[in-house]
Structure formats: C-alpha cells, structure tokens
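The residues making up each chain are set out below.
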Amino acid sequence: MAAKVKAGAQPVTAGWNRLVANSVSQSTWKTNPQATVYRGSGASDNYAAMFYDIHAAYQNALRWQITGDAAHGDAARDILNAWSAKMKTLAGSGDRFIAAGIYGYQFANAAELMLGYRGFDLDRFKTMMLNTFYPMSSSFLAKHNGAFVTNYWGSWDLLSAACVLSVGILCDDQAKVDEAVTYFKSGAGNGSIKHLIPVIHPGGLGQWVEVGRDQGHATLGVGLAGAICEMAWNQGIDLYGYDDSRLLKGFEYVAKWNLGYDVPYTPWTWNYGAPGVWSGSQTLTAPSPNSRGAVRPIWEMIYNHYVNRRGLPAPYVSATAAKVRPEGGGGNYGGDSGGFDQLGYGTLTFTRNKATVSATTPTPTASSSASASAAAGSGTGSASASPSTGSTGGALATTGTSDAVGYAAGAGVLAVAVGGVLALRGRRNRGAHRGE
C-alpha cells in the first residue's frame, strides 16, 4: 500500500485520498471513552462515542502504517489505551449483542495494526476484549439471548462470530478461533453458511437469507461474512471457498439483485420468538425492494479475493465493486451507526494485482510464537509451532498464499488488520518498530 500510494498508483491512491480527507482520520481526534456503553437503552445510549473512536483509532493507525507519521500512531495508541483503561461493561437491550460483535471485531483489528507500538498497553487491551466483548458474542452464538435459534437473522450470528474470531486471533487463542469457524460451518442459527445461503439456484446463484428482509441488512451480512473469511484466510483457513465456494454464490446473488437485475427466489419461512414466551412465523416470497442498491464499503475485499487472488469469475461482485470505488470508511457514509458498520477503505487496503496462478487453500508457515496456538500477538519466543495445513486444528500462523510478502525465514510475519480484517505485514524487531 505504501509503495502504491507513494507512486500515485490508481485506484489505491484514490482510496488513500478518501482516507486522508476524512475528519475521523485526523491525528487531532479527541477520544471519549465510557465505562459503560449502552446500545438499545433509549435516552442512555452512548455507543456512538465508541464507534467514532474505534474508526478514529483504525484510520489513524492505517495512516501511520502507510506513512510512518508518529502523530497518527500516537493518536491511535492513545484512543485504544483510553478505552482499555476505562471501559468495563456493555449494556442495553438485545442490541448490546450488536455492539459487542461489530465493535468487538473492529476494536481487535485496530489493535492489530498497533502491535508493538511504543506505549500501547496490549495486555490491558486484551483484558478488555476477553472480559467485555468476547463473553457476550460467545454467549449469543450459544444461547441467542434466550430466544429460538431461528429468531435472529443471519447478520446477528455473523457479527458475533466475527468478534469471537478476531479476539481469538488477537489473543493467540486457538479455541476461540475454532469456536468461530465451527459455528460458521455448522452452527444452528441463521448465520451458519447453509442457513445463511439456504438455496443454490440453477446457474449457481445462492439465495442470501436476508435478501427477503431488506438490502441494508443483506449487505451488512455480506460485509461481515467477508471479514470473517479474510481473517480466517490469514490464519490458514479457507472459508471463502468452503462448501464449493458457497459464499461466492451468495455474494453474487446479493450483488446482482442490488445492481437492479432479477434473481430467482424460493419462499423462505422465518420462525421467531422465545421458548415459553411467544412465537410466530413469516414466509418471505420475494426479494425485498427495501433499500435496494444499498451502498456499503464491502465489495473490494470480496472482489480482490475471488477475482485477483483466486482468479475466479465474479461478474456481479466485480460490477458492484467498480460502482462504489473508491471505497470510504466510517465518516464517509453518514453519521449514524450504519455508516460505521464496516471499517472500509477496501480500495486502499485490498487492491492487488491479479494473480498469474490461482491461489490454493492457504497453508500457513510455522508460527513465530512459542505457543502451538500462536498467531498475531506478543511476537516473543522461537518458531516452534508446527505448520498448519489450513484446518482449524493447526497453529494460528501466517498465510502461505501466493500474494503474501516473501520475508526472509526467521524474520516472521504478523497478522494485522488491513481494511477491517487481519492481513499480513512483516514483523520486524519490536524494539526497532516504527514509532518507537
């Protein structure tokens, strides 16, 4: 990214210019941490303070990574430190699970960008993630807030799984990564892959469960699923291609409908309610026109994986990515929470040259942490972990995909957040890290 921005290469530089122009990305940003964050509590709601600060931390961290400007690194560090020093609780209605999931995975990705930065209290930040965010997201996947497992739409499961996965990676916790991946593959709720895309139509389009609801939530799910896949890919787990690339079929379906084309639809029944409290059902019979054409900064990541990294056709995803390019981020799509649902800036962070050979399922190299469950983290210890074969049972390590930067053996590589998901950069000597 830094080389392409320096060279003025397009469309990366157009994405960079959107980032630099955003008021949220300025090093003068003033943080506003809260001890208790409320979402869904009416007059007590204060969660906007959190999502604005998360995006300010992420955007400043990204600017620091690309330019080396310590003013932006310091700004990101100070925001993350302020929140980990003060925040203790997430509260509110059932919407508190939305806050835990979305803001949890975003916080973890901002922190990944700052690993090794002078003065960043990583241990305290991990404690906040483990004690405040992870338990709520894990509980939601297991218990669904006491409701029937079918009560919540797919995007609820996806945001919870994204949080569990990102916390697992940040905290070098294989069990948490396995928890998220297992749920994605075989969970009982509407966010596991065969419930998320319940029908594969002739011709290969996969009916996305929330397309019958509205397009704002359907595209939210697309962005969350993409984030989960990219994070998993960089740990050697190919969810993008899982079940005969079922997600690609679903992404193409959502993109085609939102571009204005007709798509096939099989009636789908939503069963809602809670045991012993109430219950009901609704049968959806057609794609919803509500919010059709919704714009979210989610498509570059998906397009660049399937088309440029893997060499696969994705015509409707490609057309949608081109339509919204260059992607912005939080602060570019309005001031309410929906404008901050994705970290964004995919044109800057995910644009890659088309691979000459399609990448295979990622095979990580040995982890540079001493633990057999190591991933992005402290970076201490020797390269003692066994290489993973891309299953969830292997070490959390770096991807061996064809688009990875080829650092010398022994230098190690570190999974960090780029464009809202965990991507690669070289791990240099921590004491000599830029900004120290």
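Residues numbered from 1 in each chain as written. Predicted model: local features only at pLDDT ≥ 70, side-chain atom pairs only at ≥ 80, totals over all residues. Heavy atoms only, no water.

(A) Summary view of the confidence of the model for the protein chain. With 82% of its residues at a pLDDT of 70 or more, the protein chain has an overall mean of 85. In this model residues 365-436 is a low-confidence stretch, pLDDT under 50, and it forms 202 contacts with partners more than four residues away in sequence or in other chains. (pLDDT = per-residue confidence, 0-100. Contact = heavy atoms within 4.5 Å.)

(B) View of the packing of helix α11 (residues 242-258) against helix α13 (residues 315-324). Across the interface, α11 lies against α13 with an axial gap of 8 Å and an inter-helix angle of 55 degrees. Regarding the angle of α11 to α13, the classification is oblique. Our pair here, α11 against α13, has a crossing hand that is left-handed. Two secondary-structure elements touch here, α11 through F251, E252, A255 and K256 and α13 through P315, Y316, V317 and T320. The residue makeup of the contact of α11 with α13, split by class, is 5 nonpolar, 1 polar and 2 charged. (Axes fitted to C-alpha atoms, helices over the stretch in contact; angles between N-to-C directions. Helix = DSSP H or I, 4+ residues; strand = E, 2+ residues; numbered from the N terminus. Parallel < 35°, antiparallel > 145°, perpendicular 65-115°, else oblique. Left-handed = near helix turned anticlockwise from the far one by under 90°. Nonpolar A, V, L, I, M, F, W, Y, C, P; charged D, E, K, R; others polar.)

(C) Up close: the pattern of salt bridges. If you walk through the whole model with that rule in mind, you get 13 salt bridges. Salt-bridge contacts for D238 lead to R310; the nearest nitrogen and oxygen are separated by 3.3 Å. Of this pair, D238 sits in the loop between α10 (215-233) and α11 while R310 sits in the loop between α12 (299-309) and α13, placing them 72 residues apart in sequence. Using a relative accessible area of 12% as the deciding quantity, one classes D238 as buried. Residue classification places R310 among the buried residues on the basis of a relative accessible area of 16%. Put simply, D244 and K249 hold a salt bridge, and the shortest N to O gap is 3.0 Å. Three or more residues joined by partner-sharing salt bridges are found here, namely D74, R77, D78 and R118. (Salt bridge = Lys/Arg side-chain N within 4 Å of Asp/Glu carboxyl O. Buried < 20%, exposed > 50% of the residue type's maximum accessible area, 1.4 Å probe, protein only.)

(D) Structural context of the packing of aromatic side chains. Following the criterion strictly, the structure yields 24 aromatic pairs and no others. Between F51 and Y103, the ring centres sit 6.0 Å apart and the planes meet at 40 degrees, which makes this aromatic pair tilted. With F51 in helix α3 (residues 47-67) and Y103 in helix α5 (residues 96-113), the pair connects residues that are 52 residues apart, well separated along the chain. You can call Y103 buried: its relative accessible area is 0%. In textbook terms, an aromatic cluster arises when at least three aromatic residues are bridged by ring pairs, as seen for W29, Y47, F51, Y52, Y103 and F340. For K176, the ring lying beneath its charged end belongs to Y134, and the centroid distance is 4.4 Å. When the ring centre of W257 is taken as reference, the NZ or CZ atom of R292 above it lies at 3.4 Å. (Phe/Tyr/Trp six-rings, centres within 6.5 Å; stacked < 30°, edge-to-face > 60°. Lys NZ or Arg CZ within 6 Å of the ring centre and 35° of its normal.)

(E) Structural view of helix α8 (residues 174-186). Given a rise of 1.5 Å per residue, 13 residues ought to cover 18 Å, and the 18 Å separating the end C-alpha atoms of α8 matches this to within 8%. Every buried residue of α8 is listed here: Q174, K176, V177, A180, V181, Y183 and F184. With a side-chain oxygen positioned 3.1 Å from the backbone nitrogen of A175, the residue opening α8 is D173. (Expected span 1.5 Å × (residues − 1). Polar contact = N/O pair within 3.5 Å; in protein donor to acceptor, adjacent residues only side chain to side chain.)

(F) Region of interest: unusual backbone geometry. Omega for the peptide link from Q10 to P11 comes to 5 degrees, which places this bond in the cis form. Structurally, P11 can be placed in the loop between α1 (2-7) and α2 (12-21). Cis geometry marks the peptide bond from R325 to P326; its omega dihedral reads 0 degrees. In the Ramachandran plot, S245 falls in the positive-phi region, its phi being about 55 degrees despite a non-glycine side chain. Within the secondary structure layout, S245 lies in helix α11. For Y345, which is not glycine, the phi torsion reads 60 degrees and is therefore positive. Tracing the chain through its elements places Y345 in the loop between α13 and α14 (346-350). A relative accessible area of 0% means that Y345 is categorised as buried.

(G) Up close: the packing of helix α7 (residues 154-170) against α10. Two elements in contact, α7 and α10, have axes whose closest approach is 9 Å; the angle formed by their N-to-C orientations is 25 degrees. Between α7 and α10, the interaxial angle falls into the category roughly parallel. The chirality of how α7 crosses α10 is left-handed. Taking contact as the criterion, the partners of S155, L158, L159, A161, A162, L165, S166 and I169 in α7 are, on α10, H217, L220, G221, L224, A225, I228, M231 and A232.

(H) Up close: the state of the cysteines. This structure, assessed with the given rule, holds 0 disulfides. Counting only cysteine sulfurs, C171 is the nearest neighbor of C163, a cysteine outside any disulfide, at a range of 10.0 Å. For C163, a relative accessible area of 0% gives the class buried. (Disulfide = S-S within 2.5 Å.)

(I) Structural view of the nonpolar core. Ranked by size, the top nonpolar core spans 119 residues in total, and within it F107, F133, W208, L247 and W299 carry the most contacts. Among the elements that line this core, the one with the most residues is α5, at 12 residues. (Core = buried A, V, L, I, M, F, W, Y, C linked by side-chain atoms within 4.5 Å.)

(J) Spatial organisation of α11. The end-to-end C-alpha separation of α11 is 24 Å, in line with the 24 Å expected for 17 residues at 1.5 Å each. Of all 17 residues in α11, 13 are buried; the element is thus mostly enclosed. Taken from the residues just after α11, G260 is the one with a positive phi, measuring 105 degrees.

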